[in-house]
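Topology and contacts: notes
For reference, the chains in residue letters:
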Amino acid sequence: NLSLDSMEENEMRVAVTNEFEELFLLLVYVCEAGGQTFTYKTTDEMSGPWEECRGKTGEECKRVIDDDPTLESEKIQIVGINDSDVAVSRIFDACRVVIYVDDDNVVMGVPSRG
């Protein structure tokens, strides 16, 4: 048995869902670098990942990524895998690249945005 109250509640859920879907479709990633604004609809449109960083030191890798005009140098961070005093936010940031290095300062994995 559907009551009027439950029907109104279902209509409200549909309205909220539709609003959310519309807002989600408008989601874009925006990065500012070098006085310019870069807007991306998907992460596939962004530069990276940087495969060429494999086997390089953290600083060598940072220089490679620094050549990307869509990123600010301050947003490229080198983090030692055993650095307990460094906190990296787990919140996705399309304008940030974290380069993880081992104890010998060699890049671990492939750096990418996030």
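Residues numbered from 1 in each chain as written. Predicted model: local features only at pLDDT ≥ 70, side-chain atom pairs only at ≥ 80, totals over all residues. Heavy atoms only, no water.

1. Let's talk about the pattern of salt bridges
- For the structure on display, the rule yields three salt bridges.
- With a shortest N-O distance of 3.2 Å, Glu51 and Arg54 are connected by a salt bridge.
- Its salt-bridge partner being Arg113, residue Asp68 comes within 3.9 Å of it at the nearest N-O pair. Of this pair, Asp68 sits in the loop between α2 (58-66) and β3 (76-80) while Arg113 sits in the segment after β4 (97-101), and the two are 45 residues apart along the sequence. Taken as a pair, Asp68 and Arg113 share a single burial class, namely buried. (Salt bridge = Lys/Arg side-chain N within 4 Å of Asp/Glu carboxyl O. Helix = DSSP H or I, 4+ residues; strand = E, 2+ residues; numbered from the N terminus. Buried < 20%, exposed > 50% of the residue type's maximum accessible area, 1.4 Å probe, protein only.)

2. Quick look at α2
- Turning to α2, its buried residues are Gly58, Cys61 and Ile65. Summarising the axial view, the buried residues of α2 lie within an arc of 65°, below the 170-degree limit, and thus occupy one face.
- In this structure, the buried residues of α2 make contact with β3 and β4. (Arc of directions from axis to C-beta. Contact = heavy atoms within 4.5 Å.)

3. As for the state of the cysteines
- Going through the model one piece at a time under the given rule, you end up with two disulfides.
- Residue pairing for Cys31: its cysteine sulfur links by disulfide to Cys95, the two sulfurs lying 2.2 Å apart. One quick way to see it: the torsion about the S-S bond of Cys31 and Cys95 is about -105°, and its sign makes the bridge left-handed. Of this pair, Cys31 sits in strand β1 (residues 29-33) while Cys95 sits in the loop between β3 and β4, placing them 64 residues apart in sequence. Each member of the pair Cys31 and Cys95 is classed as buried.
- Two residues share a disulfide in this structure: Cys53 and Cys61, whose sulfurs sit 2.2 Å from each other. Where Cys53 bonds to Cys61 through sulfur, the torsion about that S-S bond is close to 90°, and the disulfide is right-handed.
- Look at Cys53 and you get buried, because its relative accessible area is 0%. (Disulfide = S-S within 2.5 Å.)

4. Observations regarding a nonpolar patch on the surface
- Where nonpolar side chains cluster on the molecular surface, the patch consists of Ile81, Tyr100 and Met108 and spans about 260 Å² of accessible area.
- With respect to the element layout, Ile81 can be found in the loop between β3 and β4.
- The class of Ile81 is partly exposed, set by a relative accessible area of 44%. (Patch = residues over 30% accessible without salt bridge, like charges linked within 9 Å, V, L, I, M, F, W, Y side chains within 5 Å. Areas by Shrake-Rupley, 256 points an atom, 1.4 Å probe, with all protein chains shown as cover.)

5. Quick word on the packing of aromatic side chains
- Inspection of every chain in the model, using the stated rule, returns one aromatic pair.
- Considering the side-chain rings of Tyr29 and Phe92, the 5.7 Å spacing of their centres and the 65° angle between planes classify their relative orientation as edge-to-face. One end of the pair, Tyr29, is in strand β1; the other, Phe92, is in the loop between β3 and β4, and 63 residues separate them in sequence.
- Judged by its relative accessible area of 43%, Phe92 is partly exposed. (Phe/Tyr/Trp six-rings, centres within 6.5 Å; stacked < 30°, edge-to-face > 60°.)

Any functional reading would require information that these geometric values do not contain.
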